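Below are the chains, spelled out letter by letter.
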Amino acid sequence: MYDVVTYGKMVADKGRTASYDRALRAKVRPGAVVLDIGAGPGIMAFLACRAGAAKVYAVEPDDVIHLAQQIAADNGFSNRIEFIQAMTTEIDLPEKVDGIVADIRGRSPLFAKSIVSILDARDRFLKPDGWIIPARDTIWGAPVFSTELYDKFIGAWGAEYQLNLNRARLKAVNNVDGIRLNAGDLVAAPQRWAVLDYEKLESTNVDGEMRWVMNRTASAHGVCSWFDCETGAGMGYSNSPASGERHIYKQLYFSWPEAVELMAGDQVEVRLRADFVQSDYVWSWETRVISGERVKAEFRQSSFKGAPLSPDRLRKRAHRFVPEPNEDCRIDSFGLDLMRQKLSLDEIAKALLAEYPVRFKNWNAALTRAADLSERYSK
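Remember, predicted model here, so these are calculated numbers, not experimental data.

What counts, and at which threshold
Residues numbered from 1 in each chain as written. Predicted model: local features only at pLDDT ≥ 70, side-chain atom pairs only at ≥ 80, totals over all residues. Heavy atoms only, no water. Core = buried A, V, L, I, M, F, W, Y, C linked by side-chain atoms within 4.5 Å. Buried < 20%, exposed > 50% of the residue type's maximum accessible area, 1.4 Å probe, protein only. Helix = DSSP H or I, 4+ residues; strand = E, 2+ residues; numbered from the N terminus. Contact = heavy atoms within 4.5 Å. Pairing = 2+ DSSP bridges. Axes fitted to C-alpha atoms, helices over the stretch in contact; angles between N-to-C directions. Phe/Tyr/Trp six-rings, centres within 6.5 Å; stacked < 30°, edge-to-face > 60°. Lys NZ or Arg CZ within 6 Å of the ring centre and 35° of its normal. Salt bridge = Lys/Arg side-chain N within 4 Å of Asp/Glu carboxyl O. 1 Å grid on protein atoms, 1.4 Å probe; cavity = no way out; pocket = protein on both sides within 12 Å on 5 of 7 lines; lining within 4 Å. Points joined across faces, edges and corners; volume = space filled by probe spheres on them. Nonpolar A, V, L, I, M, F, W, Y, C, P; charged D, E, K, R; others polar. Right-handed = clockwise from strand over helix to strand, strands pointing away.

### So, the nonpolar core
Point 1. The biggest cluster of nonpolar side chains holds 87 residues, and the ones touching the most others in it are Leu35, Ile81, Val97, Leu110, Trp193 and Trp283.
Point 2. The element best represented in this core is helix 3 (residues 43-50), accounting for six residues.
Point 3. Ignoring any residue separated from it by four or fewer positions in sequence, one finds Leu35 in contact with Tyr57, Val59, Thr88, Leu93, Val97, Gly99, Ile100, Val101, Ala121 and Phe125.
Point 4. Residues Ala142, Val173, Ile179 and Leu186 belong to the second largest nonpolar core, which totals 12 residues.

So, in C-alpha cells, the structure goes:
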C-alpha cells in the first residue's frame, strides 16, 4: 500500500495522469458507468466524472479510500461515485459497466495482483462492447551497462573485508529491482518481449525470448525492461530510458552474476518468464551469450532463488507437513469464539488478559490483539 505522499507523486506525474485524462475524455460517453480498479485517492474516478460518467464504482482496499470520499464531496462528485473498500476480485457489482480504468502497475504491468484484477473485472463486469484503459502495454528489454548496478548487486559483496560473502552475492543477483537508467546505459537496441492486450489477454503468466546480435564491443551487467502504456488510440506514455520522459515508474532490472564482455557479432539470448504465484510474480531469466561456435556465458536465474527463505518456513509449507496449533493460534481461536458470542472489544480484551496473563502485559495490549481480530474478521 502507498502513503499519501506517494499517491501525490503519481498524480503529479503529468505524462501518466494526463494520458489517462485524455483517454477518459475520448472513451466516456454521457451517462456511462465506469469501474475504477485500485482507485487510491480517487483521481481516475474524478476524471471519469468530469468526462461525463453518470456512475463510477471506485474500488480500493486501502484506507486511502476514505480520503477519496472526502475529496469527492469537496468536488461535488459524491452522488456519482460509489466507494467500495475491497479488492475487485472479492466483490460483485449490481450492473455491468461501460468501461474499466486501472492504473495498478508497479515497476512493471506484471505487478502483484494487477493482471488478475483486470482480467477478472473484464470477464465479470464489462459489457460486451466495453472499453479498458489502458488498452495495452508493450514490454521491451535491452542489455545494459551500469557500474552503479554492478556495485549494488555484485560489488557490495566483494572481498574488501576478507570475508567470503559469495552466498549473499548469489542471493543478490537473483533479485529483481527497480532502477533508473539513461539511454546511454543500453548497449543494444530494444527488443519487444511481450504485448499485454487487455481486451484479449487470457493468462496472467508471460513467457518470451529476446535476441540481440552485437554490432559493437561493450560490457554488460544484465538486462532491463520497461513498458509503453497505450491508454487509447494515439495516447499513452513510456518509462523507457530512451523516451525522454520521466515517470514515477522505474525500469525493472535483471542482473547477471558477473559482467560480460560483448564483442561485435556476439549473440545474446534471454528468455524471460513471469509466473503469477499466490499474490505476486516469480521472475525467471535464462541468458546465453554465444561468440562464434562458443558459449561465452550462460546463466539461469530466478527471483525465487533470491528469496532468503528459512528452512523452517519451507518445512511448514510442505504438502506433507502436519500443522500443530501454537499459542498464537489458540489465542486467536479463543478471541474469535468470544467474537461469535457478540461481546464488545472491551469484554474480549478482559477475557484475553484473564486467560493469557503471561502474553498480555495489560488491558491495552489485549485490546490491541482483540482489535486486530476485529479488523480482520468482523463485518
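Additional details are given in the paragraphs that follow.
### Examining the sheet that holds strand 15 (residues 294-302)
Point 1. The four strands lie next to each other as 9-13-14-15, forming an open sheet whose pairing is antiparallel. Because the sheet does not close on itself, it has two edges, and the strands there are strand 9 (206-213) and strand 15. When strand polarity is set aside, the average angle formed by the axes of neighbouring strands in this sheet is 10°.
Point 2. The pairing of strand 13 (residues 267-277) with strand 14 (residues 280-291) spans 11 bridges and is classified as antiparallel.

### Focus on the packing of aromatic side chains
Point 1. Applying the stated criterion across every chain yields a total of 11 aromatic pairs.
Point 2. Ring centres of Trp256 and Phe299 lie 6.2 Å apart, and the angle between their planes is 40°; on these two criteria the pair is classed as tilted. In this pair, Trp256 sits in strand 12 (residues 251-262) while Phe299 sits in strand 15, placing the two residues 43 residues apart along the sequence.
Point 3. Given a relative accessible area of 0%, Trp256 falls into the buried group.
Point 4. Given a relative accessible area of 9%, Phe299 falls into the buried group.
Point 5. One aromatic cluster is present, built from ring pairs that chain together Trp193, Phe254, Phe276, Tyr281, Trp283 and Trp285.
Point 6. Positioned above the aromatic ring of Phe227 is the side chain of Arg105, whose terminal nitrogen or guanidinium carbon lies 4.7 Å from the ring centre.

### With respect to the pattern of salt bridges
Point 1. For the structure on display, the rule yields 29 salt bridges.
Point 2. Among the ionic pairs, Asp312 bridges to Arg315, the shortest N-O distance being 2.6 Å. Placement of both Asp312 and Arg315 in helix 8 (residues 311-317) is noted, with a separation of three residues, approximately one turn of the helix.
Point 3. For Arg315, a relative accessible area of 43% corresponds to the partly exposed category.
Point 4. Of the charged contacts, one joins Arg369 and Asp332 as a salt bridge, the two residues approaching to 3.0 Å between their closest N and O atoms. Of this pair, Arg369 sits in helix 11 (residues 363-377) while Asp332 sits in helix 9 (residues 327-340); the two residues are 37 residues apart in sequence, bridging distant segments of the chain.
Point 5. For Asp332, a relative accessible area of 22% puts it in the partly exposed group.

### Observations concerning empty space enclosed by the protein
Point 1. Inspection of the entire model under this criterion finds one cavity of 30 Å³ or more.
Point 2. Taken as a whole, the largest cavity holds about 60 Å³ of empty space.
Point 3. What lines the largest cavity is simply Ala102, Asp103, Ile104, Arg105, Pro109, Ser114, Ile115, Ile118, Pro134, Asp137 and Tyr198.
Point 4. Top contributing element to the lining of the largest cavity by residue count: helix 5 (residues 114-125), with three residues.
Point 5. When the residues that make up the lining of the largest cavity are grouped by side-chain class, the tally is seven nonpolar, one polar and three charged.

### Remarks on the side chain of Asp21
Point 1. Residue position: Asp21 is located in helix 2 (residues 14-27).
Point 2. Leaving out residues up to four positions away in the same chain, Asp21 has contacts with Leu47 and Arg50.

### Quick notes on the sheet that holds strand 3 (residues 81-84)
Point 1. Read across the open sheet, the five strands follow the order 3-2-1-4-5; overall the sheet is parallel. Only two strands of the sheet have a single partner each, and these edge strands are strand 3 and strand 5 (126-133). Geometrically, the sheet is characterised by an average inter-axis angle of 20° between neighbouring strands, direction not taken into account.
Point 2. Examined bridge by bridge, strand 1 (residues 33-37) and strand 2 (residues 55-59) share five bridges and lie parallel to one another. When the sheet's bridge partners are listed, Val34 is paired in strand 2 with Val56.

### Considerations on the environment of Lys127
Point 1. Along the chain, Lys127 falls in strand 5.
Point 2. Separated by 63 residues in the primary sequence, Lys127 and Pro190 place their C-alpha atoms 36 Å from one another.
Point 3. Those residues within four positions of Lys127 in sequence are excluded, and the remaining contacts are Lys96, Val97 and Asp98.

### Here's the deal with the pairing of strand 4 (residues 97-102)
Point 1. Of all six residues making up strand 4, six are buried, and the element is well covered by its neighbours.
Point 2. Pairing analysis gives four bridges linking strand 1 to strand 4, with the strands arranged parallel. Along strand 4, the bridge assignment pairs Asp36 with Val101.
Point 3. Where strand 4 and strand 5 come together, four bridges link them in parallel fashion. In the sheet register, Gly99 faces strand 5, and the bridge partner there is Trp131.
Point 4. Between strand 4 and its parallel partner strand 5, the chain crosses via helix 5, and the hand of that crossover is right-handed.

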